[in-house]
There are 2 protein chains.
Amino acid sequence: MENKVKIARIQVDLTQQQLAERIGVTRQTISLIEKGKYNPTLKLCLDICYAVNKTLDEVFWIERKSD
Amino acid sequence: MENKVKIARIQVDLTQQQLAERIGVTRQTISLIEKGKYNPTLKLCLDICYAVNKTLDEVFWIERKSD
DNA sequence: GAATAATGCAATATATATGTTACGATTTAT
DNA sequence: ATAAATCGTAACATATATATTGCATTATTC
């Protein structure tokens, strides 16, 4: 589950801890999402987007593989 | 958790059952997502987008309420 | 290079997304 | 009007997202 959370987070100059606090989630959750080891819920994706000033497509969109 | 799944699904002429089968999920899950009663995972959101030929922003983006 | 901050990660616990089954309601076709 | 298809929803079971705690590793700063 690759994504651009880490890039976006660094662009707005936030640590995992700071981002987690703003969203109301733990640092571990942010860490695992950035490492692609979690499949986050839509609400959490939206909260992340709001915090980094980007849209879902910009942070989480993945082109369909086959066809 | 409002979204445009129902509109997008009807645009590509699929029933809840057909969409569910293509995605590999149950009809109930699609129903509850359309009614805004579920907070789907990112992977499921992506699978829905692929099935209806739209992007995350087109189907699931919600403007942040209070900036 | 030592101190501190930031991050990765593992084990266990809890909350919740999703599955299963079933039935009633609504829509569509005959 | 009846039959069939589609959809809404409830109860319970299961899978998994997230929390909690703790410690190890890497980066930063002095």
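The sections below set out a description of the structure shown in this document. (Residues numbered from 1 in each chain as written. Chains lettered and ligands numbered in written order. Predicted model: local features only at pLDDT ≥ 70, side-chain atom pairs only at ≥ 80, totals over all residues. Heavy atoms only, no water.)

To continue, consider the protein's contact with DNA strand C. Neighbouring DNA strand C are 19 residues, the closest being R9 and Q16 of chain A together with Q28, T29 and Y38 of chain B. Among atoms of DNA strand C positioned within 4 Å of the protein, sugar and phosphate together represent 60%. The separation between a base nitrogen of DNA strand C and a polar side-chain atom of Q28 of chain A is 3.5 Å. Between DNA strand C and S31 of chain A there is a distance of 3.1 Å, counted from a phosphate oxygen to a side-chain nitrogen or oxygen. Of all elements in the fold, only α3 (27–34) of chain A together with α3 (27–34) of chain B reach the threshold of two or more residues within the surface near DNA strand C. Considered class by class, the residues forming the surface near DNA strand C number 4 nonpolar, 10 polar and 5 charged. (Near = heavy atom within 4 Å. Polar contact = N/O pair within 3.5 Å; in protein donor to acceptor, adjacent residues only side chain to side chain. Helix = DSSP H or I, 4+ residues; strand = E, 2+ residues; numbered from the N terminus. Nonpolar A, V, L, I, M, F, W, Y, C, P; charged D, E, K, R; others polar.)

Before going further, it helps to examine the pattern of salt bridges. Inspection of the entire model under this criterion finds 4 salt bridges over all chains. Note that R9 of chain A and E34 of chain A form a salt bridge whose closest N and O atoms lie 2.5 Å from each other. Of the two residues, R9 of chain A sits in helix α1 (residues 5–11) while E34 of chain A sits in helix α3, which places them 25 residues apart along the sequence. One exposure class covers both R9 of chain A and E34 of chain A, and it is buried. Linking K43 of chain B and D47 of chain B is a salt bridge whose minimum nitrogen-to-oxygen distance equals 3.0 Å. Of the two residues, K43 of chain B and D47 of chain B both sit in helix α4 (residues 42–52), 4 residues apart, roughly one turn of that helix. (Salt bridge = Lys/Arg side-chain N within 4 Å of Asp/Glu carboxyl O. Buried < 20%, exposed > 50% of the residue type's maximum accessible area, 1.4 Å probe, protein only.)

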